[in-house]
Amino acid sequence: EHQQILYVAHMNGDYDTKQALHNQYYSETLSALKSHVDGFLAELEDLSNRTVGRDRNVHPRLPIILQHNEFVKQVFLAVRENLNYK
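No experiment lies behind these values; they were computed from the predicted model shown.

Engineer: A description of the overall build of the chain should follow, citing residues and the corresponding values.
Structural biologist: Tallying secondary structure elements over the chain gives four helices and zero strands in all. In the chain, the succession of α and β elements from N to C terminus is α-α-α-α. Rg of the C-alpha trace for the chain: 19 Å, well past the compact-globule value of 12 Å for 86 residues, more than 25% over. Its C-alpha atoms give the chain principal-axis dimensions of about 55 × 25 × 20 Å. Out of the 86 residues in the chain, the part that is buried amounts to 15%. Across the chain, the fraction of contacts at a sequence separation of at least 24, relative to all contacts at a separation of at least 6, is 55%. As presented, the chain carries roughly 6900 Å² of accessible surface, and 54% of it is formed by carbon and sulfur atoms.

Conventions we followed
Residues numbered from 1 in each chain as written. Predicted model: local features only at pLDDT ≥ 70, side-chain atom pairs only at ≥ 80, totals over all residues. Heavy atoms only, no water. Helix = DSSP H or I, 4+ residues; strand = E, 2+ residues; numbered from the N terminus. Rg over C-alpha atoms; globule rule 2.2 N^0.38 Å. Buried < 20%, exposed > 50% of the residue type's maximum accessible area, 1.4 Å probe, protein only. Contact = heavy atoms within 4.5 Å. Areas by Shrake-Rupley, 256 points an atom, 1.4 Å probe, with all protein chains shown as cover.

If you want it as structure tokens, here you go:
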């Protein structure tokens, strides 16, 4: 029911209705987002730990993958910090 109301409000540019719904579900949304960020950070840590001892000659793209994962980790850490201020 609320999903349809939100959709109609969005399509009609009804900011007040959209804001009321966002406010109603704010804590649930924040909790779900924090859970997603924490889970993703844990998964990145696990993936990085699995690379320990891997032969870079056998896995030549591993350094770039680890560099990418570190970048993503820093982004998610910044997001988590922002979420913790809410």
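Past the structure itself, the notes keep going.
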